[in-house]
Each structure stands twice: as C-alpha cells, then as structure tokens.
Amino acid sequence: MTTSYDVVVIGGGPGGYEAAIRAAQLGMSVACIERRLGKDGKPALGGTCLNVGCIPSKALLDSSHRYEETQKHLAVHGIDVQGVSLDVPRMIARKDQVVSQLTGGIAQLFKGHGVTWLQGQGKLLAGRRVLWTSLDGQEQTLDAGQVILATGSEPVRIPVAQVDGQYIVDSTGALDFQEVPARLGIIGAGVIGLELGSVWRRLGAQVVILEAQPEFLPMLDKQIGKETLKLLTKQGLDVRLKARVTGAKLDGQQVVVSYEDAEGAKTESFDRLIVAVGRRPVTEGLLAADSGVELDERRFVHVDSQCRTSVPGVFAIGDLVRGPMLAHKAMEEGVMAAEVIAGHATQVNYDTIIGVIYTHPEVAWVGMSEEQARAQGLQVKVGSFSFAVNGRALASHDAQGLAKFIVDESSDRILGLHVLGPQAGDLVHQAMIAMEFGASIEDLQLMTFAHPTLSEVIHEAALSVDGRAIHAVQKRRK
Ligand code: FAD
Ligand code: AMP
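Quantities reported herein were computed from a predicted structural model and do not represent experimental measurements.

**Topic: the overall build of the protein chain**
Here comes step 1: Scanning the protein chain from N- to C-terminus turns up 14 helices and 21 strands.
Here comes step 2: Its C-alpha radius of gyration of 24 Å places the protein chain within 12% of the 23 Å reference for a compact globule of 478 residues.
Here comes step 3: Its C-alpha atoms give the protein chain principal-axis dimensions of roughly 75 × 60 × 45 Å.
Here comes step 4: Counting every position in the protein chain, which comprises 478 residues, the buried fraction comes to 50%.
Here comes step 5: Across the protein chain, contacts joining residues at least 24 apart in sequence account for 62% of those joining residues at least 6 apart.

Right under this line is the structure:
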C-alpha cells in the first residue's frame, strides 16, 4: 500500500519537528518519521536537543550551579548554610522529568497541528518516495510531494578512545552518571566538553580537559577567549591545550589516558572519561543508492542557501548540513524549508546566528570577532566594557567578564558582539536584533537602557566604541 503526503520529514529533532509543524500550519498534509526511543524505552520526538543535548545539559548545568552557589557563594550574602548534601540520582531524575515533559509536548503539538508521527526509520528512495520501516519492522512506501531530511548528528568516534558506555562515555553517557567521579577526564575543549566539565566540576569532580588544538575556542574573539579560559581555570577546570590523546585503556576501574603535549608523551588516570571530540552528520541508512542526493567532502548533505539538495523537491536541514550544529539554526532552517515549499521567499540570515556556551558566566557571540573582521580586510573600531563595575552585576555578586563590540569604521555598522558574563546568552540578542535591522553603533549609543540592569554593560560597550563610556575613563574619540 502506498500513502501520500504533501511533505514527509525524516527526523523529528528541532529541525524536523519545526519543519513539520510549519508545513502543517501552511495547509500541507505532513508525516514526520522518527526512530528514537527515549530513556524510558518509549518512542520520543525532539531529537538530540530535547533528549540528550541542549535541554538535559542545561538542566544539569542549572542544578549543579545551584549546588555550587549554595555550598560556596551564599556566605558573602550573610547566609550560612550547613549540611548541604547531594543526591545525584535525584538530580538526574529531575533532568529526565524535564526531558519527558518537553518531548511529550512535541507529540501534543503534532496532534494539535495534524502532523502524523510515523515511528521508525525513514529512507529516501528515488523519485521522492520514502521507505518507512516501523519500529516492529513493517515496511511501507510513502509518496511525498516534497521531502525534508533532518536526521541530525551523532558523536564522532575516535579509535584511540573507544566508548564502552560505562567508564569511557560520550556526551549522552555523561548526562547519566549516577555518582560524581573523583577524577574526570574529557577529550575536547569544545562547547560540549566545557559544559559537561563544568557540571561535574561543580558537583565535586577534579576535571582535566585535554585539547589537541593550540588555541582555546578559536571561534571566539581572541580577547574574550583568553578571559574565558582564565575564568574557567580559576574555577578549577584544568584545560590542557596542545594535548593530543593517543590512547585510553581500562585498568581495573581506572581509565588510563595517554597523550602527547609539547613536553612529550604522558599518561593520566581517571575514574571516568568523556569523549567530546565533535559531532558528525547522520546519513547511514538514509539514502538509497539511486536517491541522487549529493554529499559534500565532509559527508554533510550538500545544500544551497535555502536548504535545497541536488534533487528537486528534496530539502535537508539542521546538523545534517553545513553551518554550526545548533538547535536554533536547525529550527530556522526547518521553518525556511517548509515556507520555501509553500512558495515563500524565506531566507535564514546566517550572519546573525548566535552561539552560546552555558558555563557560568556564559559566553555568547553574534557576528564577527575582531580577528575575523580584520582578516576580511575591514577597517574596524572596537569597544568593550567590563561587568566588574556594573551595579546590577555587583549587587548579585556576579561581576565577571566583559562585552565587546566590533564595528565597521567607515559605515558605523555593527559587525559583531562577543560577551563573557552573567546572562550573556540573553544579552547578546540585543546585538542580533540591532544587526538584523542594520543598526549603526550610534543607534545603540542613543538608546536609553534601564538602570540597574546587566544590559547597561551592552550600552556602555557601545559607547566605548567611540570613547564615550561614562563609567570608564577613556580617550575620547567622538
Ligand atoms: P537532531 O536533534 O539530531 O535530530 C535528528 C533526529 O533524527 C534524531 O532524533 C534521530 O533519531 C532521527 N533520525 C536519524 N536518522 C533517522 C532515520 N533514518 N529515520 C528516522 N529518524 C532518524 N544546540 C544548541 O543550540 N544549544 C545548546 O545548548 C546545545 N547543547 C547541546 C548539548 C549537547 C550535549 C549536545 C550533544 C548537543 C547540543 N546542541 C545544542 C546541539 C543540538 O542538539 C543540535 O544542533 C540539534 O539537536 C540539531 O537538530 P536536528 O534537528 O538537525 O537533529
Ligand atoms: P567541538 O567540535 O567544538 O565539539 O570540539 C571538539 C574538540 O575536540 C576539538 O577542539 C578537537 O580539536 C578536539 N579533539 C579531537 N580529537 C582529539 C584528541 N585525540 N585529543 C585531544 N583533543 C581532540
């Protein structure tokens, strides 16, 4: 039997589920194929993000932050706390409850929008047909007016450190430790390594992060990256750059990791090791040999700026395609694909995709770093302002970090904002909105920001671009 839908989406992560909902809003009949089983063994929507990514990591970041605050940072407020104790299984169970609330919510949204959820595996055949293999192994061919591929990504595996799920884990395993490892090793000082490292350090682990590259978070503005490394190191994260892991072996209940740094070969023993060396697109089993969909040299599905693949009527979005592996990027591409199918001229603005690292303080950025702008031959002016003198940050005993604007000298246009500081992930949206409207830095300078707020740091950073910050002594430029 063949069933027809206007749109078949393969993958029900943030990219796929938003594409499905938007297509349904636009009046199309939609099916979304998702094969994932949640931690409880039941079929689950929401993809990596809701099940084993953004949401569970943020739940644990929040819990661990509260624990550390209660243990170490309340005394300064005159609050003495005794007998603080930790129940890791309860913390993990709360995280799981948040996950199931949200994944269940997507299933409700599908019902409400009339999206059919087909549980199981999807495979693109030639001629815009899709093979659906249900969870109990039944096969059915679907006729699709249009197809959206949204199968996301999975952790990169490296032969030198093979995941066993108990002692050597990937990011998914690291969200489910039932006790705090005394010594925790992490391979990779990327966003995921730093966030998970922060969780377990706050809960009491001694954390060592081994990173092969010489530069820390190379996508960040250099000044912000340097400050971030300083702060995280002060918190107790032992980040070792230029340290390439060459092996990891189990010795009893210890993971013995060998690595090479500038001084030569070394070893370290850990109770647990997290492999966080990046993610790769999921294409295995997705494309029939004659599907016609081209991959690029890194095995991402090749797409144009509106996510069209090499096959007319087949789109691909999210972690499966070029660009940053971020849930909000996947979501906007999903909405764009659905709207393009409906004949709209929607285009994601890739220049204003925000990046956030949810450490404490947070790190967030939009647009170019000073180095990127200069490398493009642009004449830039920059301005920065510190949270250390911001009234609200001091009142909250959270006065660390800085905000830095990168501005085009000739046009006064904002090229980027990079922030290390409390609520940086929210604050950076101000620059994103300004950039979307093509604002000049003067536009921000002329606006009134409420006092006392963290946002005043953004205002002062904007003023400082022209030497006009009020709460700093600067050489006047304008
Ligand atoms: P996915 O979310 O990976 O969803 C794809 C889905 O497709 C999966 O559920 C998979 O089961 C399904 N699938 C695959 N193949 C098939 C098939 N053949 N048939 C049927 N179904 C299939 N991003 C952020 O923006 N902010 C964060 O804070 C953040 N934190 C993260 C923390 C961690 C620990 C991790 C691992 C990732 C994090 N990310 C974060 C990244 C984010 O999770 C991804 O960018 C996002 O989930 C990508 O969405 P997607 O829809 O492209 O793919
Ligand atoms: P990201 O892709 O941002 O998640 O970061 C993954 C990080 O892991 C990158 O910075 C890589 O340089 C790093 N990495 C990959 N392989 C190794 C290795 N064998 N030893 C140490 N670091 C590694």
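Text resumes after the structure shown.
**Digging into the site of ligand 2**
Here comes step 1: As a structural note, the neighbourhood of ligand 2 is formed by 13 residues, with Gly188, Glu211, Ala212, Gln213 and Val245 the closest of them.
Here comes step 2: Between ligand 2 and Ala212 there is a distance of 3.1 Å, counted from a nitrogen atom to a backbone nitrogen or oxygen.
Here comes step 3: Val245 has a polar backbone atom sitting 2.9 Å from a nitrogen atom of ligand 2.
Here comes step 4: Contact with the protein chains removes 73% of the 510 Å² of surface that ligand 2 exposes when unbound.

**A word on the packing of aromatic side chains**
Here comes step 1: The full count for this structure, using the stated rule, is one aromatic pair.
Here comes step 2: With centroids separated by 5.2 Å and ring planes inclined at 55°, the aromatic side chains of Phe177 and Trp200 adopt a geometry described as tilted. Taken together, the positions of Phe177 in the loop between helix H5 (171-174) and strand E8 (183-187) and Trp200 in helix H6 (residues 191-202) put the pair 23 residues apart, joining distant regions of the chain.

**What to know about the pairing of E8**
Here comes step 1: Taking burial as the measure, the five residues of E8 include four buried ones, the bulk of the element.
Here comes step 2: The pairing of E8 with strand E9 (residues 206-210) spans five bridges and is parallel. Within the sheet, the bridge partner assigned to Leu184 lies in E9 and is Val207.
Here comes step 3: Between the parallel elements E8 and E9, the chain passes through H6 in a crossover that is right-handed.

**Points about the sheet that holds strand E18 (residues 362-367)**
Here comes step 1: If you walk across this open sheet you meet the five strands as E17-E18-E21-E20-E19, and the pairing is antiparallel. Only two strands of the sheet have a single neighbouring strand rather than two, namely strand E17 (355-357) and strand E19 (380-386). For this sheet the average axis-to-axis angle between neighbouring strands, irrespective of direction, equals 10°.
Here comes step 2: Pairing analysis gives seven bridges linking E19 to strand E20 (residues 402-408), with the strands arranged antiparallel. For Val380, the partnering residue across the bridge sits in E20 and is Asp408.

**Section: helix H4 (residues 88-113)**
Here comes step 1: Between the first and last C-alpha of H4 there are 38 Å, a value that for 26 residues agrees with the 38 Å anticipated at 1.5 Å per step.
Here comes step 2: Within H4 the residues assigned to the buried category are Val88, Met91, Ile92, Lys95, Val99, Thr103, Ile106, Ala107 and Phe110.
Here comes step 3: Summarising the contacts, the buried residues of H4 are in contact with helix H1 (14-25), strand E2 (30-34), helix H2 (47-52), helix H3 (54-73), strand E3 (116-124) and H6.

**Quick word on the nonpolar core**
Here comes step 1: Counting 36 residues, the largest nonpolar core has Leu184, Trp200, Ile209 and Ile274 as its most contacted members.
Here comes step 2: Broken down by secondary-structure element, the contributors of at least two residues to this core are H3, H4, E8, H6, E9, helix H7 (222-235) and E18.
Here comes step 3: For this core, the element with the highest residue contribution is H6, accounting for four residues.
Here comes step 4: Ignoring sequence-local partners within four residues, the contact set of Leu184 consists of Phe177, Trp200, Ala205, Gln206, Val207, Val208, Phe270, Arg272, Leu273 and Ile274.

**Side note on the pattern of salt bridges**
Here comes step 1: Enumeration according to the criterion identifies 26 salt bridges in this entry.
Here comes step 2: A salt bridge links Glu333 to Arg322, with the shortest nitrogen-to-oxygen separation between them at 2.9 Å. Remark: Arg322 occurs in the loop between strand E16 (314-316) and helix H8 (327-341) and Glu333 occurs in helix H8; sequence separation between them is 11 residues.
Here comes step 3: Take Glu333: its relative accessible area is 0%, and that puts it in the buried class.
Here comes step 4: Taking relative accessible area as the criterion, Arg322 reaches 26% and is therefore assigned partly exposed.

**Digging into the sheet that holds strand E11 (residues 244-251)**
Here comes step 1: What the three strands build is an open sheet, ordered E11-E12-E13; its pairing is antiparallel. Each edge of the open sheet is held by one strand with a lone partner, namely E11 and strand E13 (264-270). The average undirected angle you get between the axes of adjacent strands in this sheet is 20°.
Here comes step 2: Pairing geometry for E11 and strand E12 (residues 254-261), over seven bridges, is antiparallel. Across the sheet, the residue bridging to Ala248 is Val257, located in E12.

Rules behind the numbers
- Residues numbered from 1 in each chain as written.
- Chains lettered and ligands numbered in written order.
- Predicted model: local features only at pLDDT ≥ 70, side-chain atom pairs only at ≥ 80, totals over all residues.
- Heavy atoms only, no water.
- Helix = DSSP H or I, 4+ residues; strand = E, 2+ residues; numbered from the N terminus.
- Rg over C-alpha atoms; globule rule 2.2 N^0.38 Å.
- Buried < 20%, exposed > 50% of the residue type's maximum accessible area, 1.4 Å probe, protein only.
- Contact = heavy atoms within 4.5 Å.
- Near = heavy atom within 4 Å.
- Polar contact = N/O pair within 3.5 Å; in protein donor to acceptor, adjacent residues only side chain to side chain.
- Areas by Shrake-Rupley, 256 points an atom, 1.4 Å probe, with all protein chains shown as cover.
- Phe/Tyr/Trp six-rings, centres within 6.5 Å; stacked < 30°, edge-to-face > 60°.
- Pairing = 2+ DSSP bridges.
- Right-handed = clockwise from strand over helix to strand, strands pointing away.
- Axes fitted to C-alpha atoms, helices over the stretch in contact; angles between N-to-C directions.
- Expected span 1.5 Å × (residues − 1).
- Core = buried A, V, L, I, M, F, W, Y, C linked by side-chain atoms within 4.5 Å.
- Salt bridge = Lys/Arg side-chain N within 4 Å of Asp/Glu carboxyl O.

Spatial relationships are all this shows, so hold off on functional conclusions.
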